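Structural characterization, general
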Amino acid sequence: MLVESPPLAPLLAYMSEPRDDPAVNGVRLIEDLDQLERVTAHDIVLLTSRASAAAPSRRLGSAVKLISARHAAALALGLADAQRISSSASANAARAGMAILGTGGGVELAELALAIARELGAGADAVLLHTFTALRAIEAHPADGTTESLLTHAGAALGVPVSLVSEQPVDTPARAVSVDGHVQGWITAAEHDAVTQMGVEIVLHALAASIAASRSSELHTQELPHQSREDVLTDLLYATASAELEGAARRARKLGIAIDDWHIAVRLDFEQLADPAGGDERVAHEARSRFSTAVLRAARSGGGGGGGTWHRARSGEAFVLICTYPSDPGPSASRQIVEHMDEVLSTTRVMLTTALVRCGVGTAREGPSGLLGSAGEAKAATITARASRREQYAVAFDSVGLRRALVEWYTSGTAREAAVAVLKPLTALGGVRAERLIQTLHVYLDEQCSLTRTGERLNLHRNAVAYRIRRIFELLDVDQHNPDDLLLLQLACRARELG
């Protein structure tokens, strides 16, 4: 309402307030109750002390009734006189849409009338002043202040109430509060005349930007500890020796991660990620990171962990979400996580519309080595998802058969060290050359050392396969004709695929 504008707010106080703010067209100073016939619709009526003091309470109540019947916007009188108006008369005025206002003892009604007239007639000058005052209120808002107090102070300075709503309004102006690309609400205010509306639009924009910046800062502050935890969990997933695993586990404990509890790993693999400009992998990485952050937040807020605590780690270009439980969540927990991740991926899919996202879910495993095992299972599940062309849905790890035994074997410290050591001469070559030779060895062993079938699978001439195999075994410190050595190589190749 007009009386809430910065120049008038210190001079007036509500004694009774209608549900909706009435329009104000003018101001009327009344020095005698017999002059009430001059009151017109949408007036603010100022009743002098002489006029109100001379009237008994009953007649004052009749005056309130007459003024409200003429659709006045408000009746203002001295605070002591306003308190003489009965509660029933005040209630009737509020129902009629009229406010009753009290003024302090030092307020001169003639000056108050001039101040109201200036507010009514100032037009663009008043709007500019109110807009400037509102912007100063936004700038002065303390960093630890609430959104509600910011809206209250800015609206009071502007002279127009503003609010934060969850859905975009249809019939009123609004500005979105956007944090990391997600709209978290809308700042809105009622429609006004064209001049006032310009100031309202400016303040709505400034409020939306201020609230978005504050919430973004809060999120990033909250995620700083999670970032260091993410680094430690990433180191743990990359551990290839028992000492590395135990060292990462010790650092995780110092950061408050319940690494010795039970874990279920969820792996997110990406393919055909929105083409980065000029092949800029940094852009693609940032897109993956934003997406995994959104998935992590959705996983935490959705309550689908069944009492678990969520963390994130990196695994090459993939991300691994880890749900940790204080005790064994039971065999049904993985299925619950699968269902929860389906919902999460459905809500976040809009962020990567052109990308293929594959999601694998491991089983519940205990301790640091159990986390490695669950992460290996999650990777195996994403391989299954790739083979079955299941994108944008979570796939559970098949807990029956050799693949689980392989994961169990690979996640033991001794086995991991053996697998890394036996293939080290090949991995030391680095880059494409190492991957090509390891892939050839893997297929060769899977095809029971048949050069012909290996060539068919790799689309290579038999002689080319023979050359590669000869070169591989020249580099490896194994006996090509020893079944135990060949079995270790085959297990190492398969385990490397999971690790």
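1. Re the overall build of the protein chain
Regarding its fold elements, the protein chain presents 18 helices and 14 strands. Out of the 499 residues belonging to the protein chain, those deemed buried represent 45%. Within the protein chain, contacts between residues at least 6 apart in sequence are counted, and of these 67% link residues at least 24 apart. As displayed, the protein chain has an accessible area near 24800 Å², and 52% of this comes from carbon and sulfur atoms.

2. Regarding the sheet that holds strand β6 (residues 162-165)
One open sheet holds the 3 strands; their spatial order is β6-β8-β7, and the pairing between them is antiparallel. What marks the edges here is a single partner per strand, and that holds for β6 and β7 (174-179). Here the average twist between neighbouring strands, direction ignored, is 25°. Against the sheet, helix α7 (residues 147-158) touches β6 and β8 (182-189), its axis set at about 150° to β6.

3. With respect to the packing of helix α15 (residues 431-446) against helix α17 (residues 462-475)
Interaxial distance between α15 and α17 falls to 10 Å at its minimum, and their mutual angle equals 105°. Of the possible angle classes, the one that applies to α15 and α17 is roughly perpendicular. In this structure, α15 contributes Arg433, Arg436, Leu437, Thr440, Leu441 and Tyr444 to the contact, and α17 contributes Arg468, Ile469, Arg471, Ile472, Phe473 and Leu475. Of the residues in the contact of α15 with α17, the class split is 7 nonpolar, 1 polar and 4 charged.

4. Digging into unusual backbone geometry
The backbone of His71 shows a phi angle near 60°, a positive value even though the residue is not glycine. Its place among the elements puts His71 in the loop between α2 (57-69) and β4 (74-78). Phi at Gln448 is positive, roughly 55°, even though this residue is not glycine. Mapped onto the elements of the fold, Gln448 is located in the loop between α15 and α16 (451-458).

5. As for the pattern of salt bridges
The tally for this structure, following the rule as stated, stands at 17 salt bridges. Arg253 serves as the salt-bridge partner of Asp260, at 2.7 Å between the closest nitrogen and oxygen. Given a relative accessible area of 38%, Asp260 falls into the partly exposed group. Given the relative accessible area of 34%, Arg253 is considered partly exposed. For Arg453, the salt bridge identified is with Glu447, shortest N-O distance 3.0 Å. Sharing partners across several salt bridges, the network here consists of Glu230, Asp231, Arg312 and Arg314.

6. Quick notes on the nonpolar core
Counting residues in hydrophobic clusters, the biggest one holds 26 residues, and the most contacted among them are Trp310, Ile337 and Met341. The greatest single-element share of this core, amounting to 6 residues, is contributed by helix α11 (residues 333-348). Membership of the second largest hydrophobic core comes to 21 residues, among which are Ala134, Ala154, Val200 and Ala212.

7. Concerning the environment of Asn463
Along the chain, Asn463 turns up in helix α17. Taking the C-alpha atoms as reference points, Asn463 and Thr452, 11 residues apart in sequence, are found 9.1 Å from one another.

8. A few points about the pairing of β4
Counting buried positions over the 5 residues of β4 gives 5, a clear majority of the element. Where strand β3 (residues 43-47) lies against β4, 3 bridges are found, and the strand directions are parallel. The residue bridging Val45 from the neighbouring strand is Leu75, located in β4. Where β4 lies against strand β5 (residues 99-103), 5 bridges are found, and the strand directions are parallel. Counted as the bridge partner of Ala76 is Leu101 from β5.

9. A short note on the sheet that holds β5
Taken in spatial order, the 5 strands make up an open sheet running β1-β5-β4-β3-β2, and their pairing is mixed. Each edge of the open sheet is held by one strand with a lone partner, namely β1 (12-16) and β2 (26-30). Strand-to-strand twist in this sheet, taken as the mean axis angle between neighbours without regard to direction, amounts to 25°. The sheet contact formed by β1 and β5 spans 4 bridges and is antiparallel.

10. Quick notes on α11
In a regular helix each residue adds 1.5 Å, so 16 residues correspond to 22 Å; α11 covers 22 Å between its end C-alpha atoms and thus fits that length. Within the span of α11, buried status applies to Ala333, Ser334, Ile337, Val338, His340, Met341, Val344, Leu345 and Thr348.

11. Considerations on the environment of Ser228
If you trace the backbone, Ser228 turns up in helix α8 (residues 194-238). With relative accessibility at 29%, the residue Ser228 sits in the partly exposed group.

12. Focus: the confidence of the model for the protein chain
Across the protein chain, pLDDT averages 81, with 86% of residues at or above 70. In the predicted structure, residues 274-278 sits below a pLDDT of 50 and forms 4 contacts with residues beyond four places in sequence or in another chain.

13. Digging into α2
Because an α-helix packs 3.6 residues into every turn, residues spaced three or four apart end up facing the same way. In a regular helix each residue adds 1.5 Å, so 13 residues correspond to 18 Å; α2 covers 18 Å between its end C-alpha atoms and thus fits that length. Among the residues making up α2, those that are buried are Leu60, Gly61, Ala63, Val64, Ile67 and Ser68. One side of α2 carries all its buried residues, which in axial view fall inside an arc of 155°. In α2, the exposed positions that point more than 90 degrees away from the buried face belong to Arg58, Lys65 and Ala69.

14. Describing the packing of α16 against α17
Direction vectors running N to C along α16 and α17 enclose 105°, while the axes themselves pass 8 Å from each other. Classified by the angle their axes make, α16 and α17 are roughly perpendicular. Here Leu451, Thr452, Thr454 and Gly455 of α16 lie close against α17, whose contacting residues are Arg462, Val465, Ala466 and Ile469. Across the contact of α16 with α17, the residue classes tally to 4 nonpolar, 3 polar and 1 charged.

The rules we used
- Residues numbered from 1 in each chain as written.
- Predicted model: local features only at pLDDT ≥ 70, side-chain atom pairs only at ≥ 80, totals over all residues.
- Heavy atoms only, no water.
- Helix = DSSP H or I, 4+ residues; strand = E, 2+ residues; numbered from the N terminus.
- Buried < 20%, exposed > 50% of the residue type's maximum accessible area, 1.4 Å probe, protein only.
- Contact = heavy atoms within 4.5 Å.
- Areas by Shrake-Rupley, 256 points an atom, 1.4 Å probe, with all protein chains shown as cover.
- Pairing = 2+ DSSP bridges.
- Axes fitted to C-alpha atoms, helices over the stretch in contact; angles between N-to-C directions.
- Parallel < 35°, antiparallel > 145°, perpendicular 65-115°, else oblique.
- Nonpolar A, V, L, I, M, F, W, Y, C, P; charged D, E, K, R; others polar.
- Salt bridge = Lys/Arg side-chain N within 4 Å of Asp/Glu carboxyl O.
- Core = buried A, V, L, I, M, F, W, Y, C linked by side-chain atoms within 4.5 Å.
- Expected span 1.5 Å × (residues − 1).
- pLDDT = per-residue confidence, 0-100.
- Arc of directions from axis to C-beta.

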